[in-house]
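Letter by letter, the chains look like this.
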Amino acid sequence: MKREKEIEILSYILRKRYDNQLPTIVISNLEKKVLMKNLGEAVVDRLRETATSIEFTGESYRILKRKVA
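Procedures and definitions
- Residues numbered from 1 in each chain as written.
- Predicted model: local features only at pLDDT ≥ 70, side-chain atom pairs only at ≥ 80, totals over all residues.
- Heavy atoms only, no water.
- Salt bridge = Lys/Arg side-chain N within 4 Å of Asp/Glu carboxyl O.
- Helix = DSSP H or I, 4+ residues; strand = E, 2+ residues; numbered from the N terminus.
- Buried < 20%, exposed > 50% of the residue type's maximum accessible area, 1.4 Å probe, protein only.
- Contact = heavy atoms within 4.5 Å.
- 1 Å grid on protein atoms, 1.4 Å probe; cavity = no way out; pocket = protein on both sides within 12 Å on 5 of 7 lines; lining within 4 Å.
- Points joined across faces, edges and corners; volume = space filled by probe spheres on them.

Draft legend 1. Fine view of the pattern of salt bridges. Scanning the entire structure with this criterion turns up two salt bridges. A salt bridge links E8 to K5; the nearest nitrogen and oxygen atoms lie 3.7 Å apart. Note that E8 and K5 are positioned in helix α1 (residues 2-19) at a spacing of three residues, about one turn of the helix. Relative accessible area serves as the criterion here: at 46%, K5 is assigned to the partly exposed category.

This is the structure:
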């Protein structure tokens, strides 16, 4: 239930930003496929229309930081 509410709120925010033509950056540790599934079809469709996707690969910075400390 909590997860559904989070997705609903995120979808609302992204939809309003889209409707008002505001720039939006989406950052996630999730793989692109998993992120898109979580966002839902309507939000993904809006993002595909106007977004540029940049995917970074490699080890997590947090893990690298812990190894140094």
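Draft legend 2. Unusual backbone geometry, seen in detail. Even without a glycine there, the phi angle at Q21 is positive, about 50°. Mapped onto the secondary structure, Q21 falls in the loop between α1 and α2 (32-39). On the accessibility criterion, Q21 (74% relative accessible area) is exposed.

Draft legend 3. Structural context of the side chain of S11. Secondary-structure assignment places S11 in helix α1. Setting aside chain neighbours within four positions, we find S11 in contact with L39 and V43.

Draft legend 4. Quick look at the layout of surface pockets. Estimated volume of the largest pocket: approximately 1,200 Å³. Every residue lining the largest pocket is counted, 36 residues in all, and those nearest its centre are V26, I27, S28, L35 and I54. Taken together, the elements giving at least two residues each to the lining of the largest pocket come down to α1, α2, α3 (41-50) and α4 (61-68). Here the lining of the largest pocket takes five residues from α3, the largest share from any one element.

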